[in-house]
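# Coordinate analysis (summary)
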Amino acid sequence: MNKLKLFLNKRIGFMCLLVFFLWLKTVIAYYAEFSLGLNDPLQHLILIINPIATTVILLSIALYINKPIISYIVMGVIYLVENILLYANILYYREFSDFISFNTIAGASKVTKGLGGSSASLMQAHDFIYFLDFVILVILFTSHFIKIDKIKIRKLTAVAVSVLGIFLFSFNLMIAETNRPQLLGRQFDNSYIVKYLGFNAFLGYDALKSAQNNQVRSTAVGTDMDNILDYVNQDYASPNAKYYGKAKGKNIIIIHLESFQQFLIGMKVNDQEVTPFLNSLYNDKNTMSFDNFFHEVGSGRTSDAENMMETSLFGLPEGSLFSKLGTDNTFQAAPAILKQKQNYTSAVFHGNVGTFWNRDNVYKNMGYDYFFDSHYFNQNDDSSIGYGMKDKLMLSESVKYLEQLQQPFYTKFITVTNHTPYDLGDEDQSIDFTKPDTGTSVVDNYFVTAHYLDSALKEFFQYLKDSGIYDNSMIVLYGDHYGLNATQDKVVAPMLGYDPNNNDFNEVQMQRVPFMIHMKGLKGGINHTYGGEIDALPTILHLAGVNTKNYVQLGTDLLSRKHNDIVAFRNKEFVTTNYTVIRGEDGGHTVYDNHTGEQINLNENAQLSKTVDKWQDEVNQRLKISDTINNKNLLRFYTPTGFTPVDPSEYSYQNEIQKLVKTRNSLGLKSTSVYSKNNNKSTTPMYNTDAPELNGDRTYIDSWSSVVKDDMQTP
Ligand code: MN
């Protein structure tokens with residue numbers, strides 16, 4: 001005891017006590033307050049050590065101050081600020097399921113409503129444990145157990161402590177990067193940075209990011225839009241009268257097929273169709289199917305795909321636009337346009353946490369009315385795999401919310417099971433499907449999870465038909481990006497009859513993803529038009545009867561005669577109706593004939609060489625315009641006629657069930673939801689799934705009360 005007392009009466013000893021208290025409280029909070037998605041023992045270890053390094057660095061500042069009393073006060077203030085940050089994060093997380101960012105503190109963010117009046121209601125009885133250390137410290141000081149250490153600290157000692165902190169942080173960062181490569185580069189999710197590096201690092205990193213963004217934006221002026229508007233005007237493709245407004249007033253159901261490449265459609269392995277249901281849909285006379293539709297994502301992958309589909313602007317050259325700019329940028333996205341033009345209600349269904357890819361913030365800026373993330377589904381050990389809920393469970397547990405949405409609705413279902421590494425437990429694998437034996441297990445398993453997704457969609461479609469939703473809906477399916485990487489594509493190429501010696505060409509061809517528009521009465525067929533994700537929004541809006549002339553969209557309607565069929569990839573390579581253009585190692589172009597796969601010698605074809613250069617300029621220009629709009633946040637300067645900018649503070653993804661019920665009750669007989677139209681009877685009994693995890697228990701399909709208990713409290 002005496003030894004301890006002696007130690008604590010040294011300045012460094014006292015600092016250690018503060019580090020210990022803050023560490024303990026942070027770890028308690030990590031486990032008790034936040035859902036950080038801990039998957040393996042190493043992640044637990046990283047989580048447990050991550051509060052130490054930055055706390056040591058910060059508190060060591062006080063060691064450089066000679067005057068004892070001042071040194072203790074500075075240490076105390078830093079400690080207090082750290083505690084406020086921790087507790088504020090706890091409260092903030094209870095309200096927003098996210099972490100306090102730099103902009104939240106600076107009050108600059110449009111999303112910030114602050115904790116203000118609601119913070120008291122967010123406090124819980126057990127929170128006293130987060131203040132116990134202050135009680136203990138007061139007792140220790142008033143009882144003179146701890147006294148202020150009057151002995152000067154040598155500068156060298158102070159430096160040593162700071163260096164120790166920096167060393168600890170580097171170590172922390174290193175093991176974090178081994179567990180999650182590109183942790184900072186790709187910025188998947190705020191909770192990842194907290195999980196791996198702690199609150200201080202998250203805030204510091206976020207501040208740096210905001211400062212960079214703000215610097216770029218501060219140089220922007222309204223006239224920056226002038227050239228862009230000229231370009232968009234020139235590139236505008238007027239709608240095809242045959243299709244314009246064909247889906248007017250219909251529900252729009254978007255189905256995001258995770259990592260789904262076009263080659264899966266129609267493919268057989270071991271004489272079995274991989275995706276029998278999607279094949280039937282692809283060939284259905286009511287489906288407009290595109291077989292030359294390419295994904296155009298960069299390293300923001302899924303989020304880039306979503307961004308293009310919703311806004312017809314590209315993702316960024318590096319990183320994810322959702323994560324980097326999505327919290328603050330002005331969006332003119334599908335949900336807001338459809339709401340304002342045709343009174344659509346919008347919702348996203350996704351079985352991962354809302355913070356992933358910063359969706360919870362981006363969707364507010366896009367004007368999504370509802371976002372049903374993993375909190376709205378039954379979560380247990382069996383229900384999730386990899387990146388979230390298994391598709392059969394997510395889809396079947398979605399319809400109890402779907403049927404409450406006012407019609408027409410614009411909804412997006414983001415599947416996840418078909419995601420690398422394509423692990424699916426035996427119980428979820430169809431006994432009728434035998435996977436191929438390519439010698440690469442990831443490739444073999446890709447077909448298994450794709451088959452599972454197909455089966456999940458078949459169940460979902462059956463429900464749509466049985467409930468009558470189908471008759472009144474346009475259903476759009478798209479693959480977000482490649483599922484197999486270049487090496488794995490090489491394994492599949494021979495199965496598709498590709499020349500195994502033509503890998504560079506094959507690799508581009510395999511960036512095709514499905515794009516299908518299915519609607520009863522739509523004159524369908526296989527459409528060979530070349531296009532990509534950037535073109536989806538104008539196509540969909542024209543079908544819905546929305547004029548896109550005044551919007552800043554960089555894609556063009558795939559059904560328009562004026563459609564721009566140069567498909568730009570994020571790396572500036574591109575594909576046209578006849579040619580595939582990639583960049584050779586010398587920086588020059590390598591051009592292939594799409595139909596024969598043969599490389600064309602540009603030296604012998606001056607005319608084509610010139611045309612390729614012209615196309616390249618056009619691709620570069622389009623990507624550059626997109627980057628300028630996004631990085632400078634230029635849409636804040638331009639509001640299309642008849643459009644009202646979205647105010648994200650009007651959106652919240654808390655207590656959504658209360659919101660659904662409130663809306664239903666206030667509309668009374670005017671409610672247009674599927675539930676109301678069905679004489680206030682649920683349609684969920686029409687959903688049939690063979691998902692083995694349910695064991696025949698329909699509780700989570702039929703009843704929401706068992707899922708979101710907080711949300712069920714009377715409004
Ligand atoms: Mn994806």
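Residues numbered from 1 in each chain as written. Predicted model: local features only at pLDDT ≥ 70, side-chain atom pairs only at ≥ 80, totals over all residues. Heavy atoms only, no water.

### Describing unusual backbone geometry
- In this model, Gln407 is joined to Pro408 through a cis peptide bond whose omega is -5 degrees.
- Residue Thr420 is joined to Pro421 through a cis peptide bond whose omega torsion reads 10 degrees.
- Assignment of secondary structure puts Pro421 in the loop between strand 10 (409-414) and helix 18 (441-467).
- A positive phi angle, close to 50 degrees, is found at Ser259, a residue other than glycine.
- In this structure, Ser259 sits in the loop between strand 1 (251-257) and strand 2 (268-269).
- Owing to a relative accessible area of 2%, Ser259 belongs among the buried residues under this scheme.
- At Trp357, a residue that is not glycine, the phi angle is positive and equals roughly 55 degrees.
- Looking at the secondary structure, you find Trp357 in the loop between strand 6 (345-350) and helix 16 (359-366). (Helix = DSSP H or I, 4+ residues; strand = E, 2+ residues; numbered from the N terminus. Buried < 20%, exposed > 50% of the residue type's maximum accessible area, 1.4 Å probe, protein only.)

### Quick word on the domain arrangement of the protein chain
- Domain boundaries assigned for the protein chain yield domain 1 (2-217) and domain 2 (246-561 + 631-649).
- On a C-alpha basis, the centres of domain 1 and domain 2 stand 39 Å from each other.
- In this assembly, 21 residues from domain 1 lie in contact with 28 residues from domain 2.
- Here domain 1 meets domain 2 over a buried area of about 2100 Å², counting both sides, of which 43% is carbon and sulfur.
- One can count 0 salt bridges joining domain 1 with domain 2.
- Run the count over domain 1 and domain 2 and you get 5 residue pairs in polar contact (both at pLDDT 80 or more).
- Secondary-structure elements contributing two or more residues to the side of domain 1 that touches domain 2 are helix 9 (183-186) and helix 10 (190-218).
- Looking at the side of domain 1 that touches domain 2 residue by residue, the classes come out as 5 nonpolar, 8 polar and 8 charged. (Domains from an automatic or database assignment. Contact = heavy atoms within 4.5 Å. Buried area = accessible area lost by both parts, 1.4 Å probe. Salt bridge = Lys/Arg side-chain N within 4 Å of Asp/Glu carboxyl O. Polar contact = N/O pair within 3.5 Å; in protein donor to acceptor, adjacent residues only side chain to side chain. Nonpolar A, V, L, I, M, F, W, Y, C, P; charged D, E, K, R; others polar.)

### With respect to the sheet that holds strand 18 (residues 589-593)
- As summarised here, the arrangement of the 5 strands in space is 15-16-17-18-19, forming an open sheet in which the pairing is antiparallel. Two strands lie at the open edges of the sheet, namely strand 15 (567-568) and strand 19 (599-600), each paired on one side alone.
- Two elements, strand 15 and strand 16 (residues 574-575), share 2 bridges in a ladder whose sense is antiparallel. Bridge pairing links Ala568 to Phe574 in strand 16.
- Each of strand 15, strand 16, strand 17 (579-583), strand 18 and strand 19 touches helix 22 (residues 606-631); the most contacted strand, strand 18, lies at about 110 degrees to it. (Pairing = 2+ DSSP bridges. Axes fitted to C-alpha atoms, helices over the stretch in contact; angles between N-to-C directions.)

### Overview of the nonpolar core
- If you look at the biggest cluster of nonpolar residues, it comprises 108 residues, and the most contacted ones within it are Phe34, Ile252, Tyr363, Met474, Phe515 and Ile517.
- Each of domain 1 (2-217) and domain 2 (246-561 + 631-649) gives at least three residues to this core.
- Those residues within four positions of Tyr363 in sequence are excluded, and the remaining contacts are Glu306, Phe322, Val348, Tyr368, Phe371, Lys412, Ile414 and Tyr653.
- Ranked by size, the runner-up nonpolar core spans 63 residues in total, among them Ile385, Phe461, Ile475 and Leu484. (Core = buried A, V, L, I, M, F, W, Y, C linked by side-chain atoms within 4.5 Å.)

### Some points on the coordination of the manganese ion
- Only Glu258 (OE), Glu258 (OE), Thr302 (OG1), Asp480 (OD) and His481 (NE2) from the protein reach the manganese ion as donors, at distances of 2.0 to 2.5 Å.
- Each donor residue of the manganese ion lies on one chain, and together they are spaced E-x43-T-x177-D-H. Each member of the pair, Asp480 as well as His481, is classed as buried. (Donors = N, O, S within 2.8 Å, 3.2 Å for Na, K, Ca; no water.)

### Comments concerning helix 18
- Its 27 residues give helix 18 an end-to-end C-alpha distance of 39 Å, which sits within 8% of 39 Å, the value for a rise of 1.5 Å per residue.
- Within helix 18, 20 of the 27 residues are buried, which leaves the element mostly enclosed by the surrounding structure.
- Looking one or two residues beyond helix 18, the residue adopting positive phi is Gly468, at roughly 85 degrees. (Expected span 1.5 Å × (residues − 1).)

### Side note on the sheet that holds strand 13 (residues 525-527)
- Spatially, the 8 strands line up as an open sheet ordered 7-6-10-1-11-12-4-13, and their pairing is mixed. Each having just a single partner strand, strand 7 (370-372) and strand 13 make up the two edges of the open sheet. Direction aside, the axes of adjacent strands within the sheet are offset by 15 degrees on average.
- Two strands pair when backbone bridges link them, and strand 6 and strand 7 are joined in this way by 3 bridges, in the parallel orientation. Bridging across to strand 7, Ala347 finds its partner in Tyr370.

### Quick notes on the pairing of strand 10
- Across the 6 residues of strand 10, 6 count as buried, placing the element largely inside the fold.
- Side chains Phe409, Thr411 and Phe413 project from strand 10 onto one buried face, and the interleaved Tyr410, Lys412 and Ile414 project onto a second face that is buried too.
- In this sheet, strand 10 lies alongside strand 1 in parallel orientation, the contact comprising 5 bridges. By the bridge assignment, Ile253 is partnered in strand 10 with Thr411.
- Strand direction decides the pairing type here: strand 6 and strand 10, joined by 6 bridges, are parallel. Bridge pairing in strand 10 places Val348 opposite Lys412.

### A few points about the side chain of His518
- Along the chain, His518 turns up in strand 12 (residues 515-518).
- In this structure His518 comes out as buried when scored by relative accessible area, which is 2%.
- At 2.7 Å, the side chain of His518 and the side chain of Thr287 are in polar contact.

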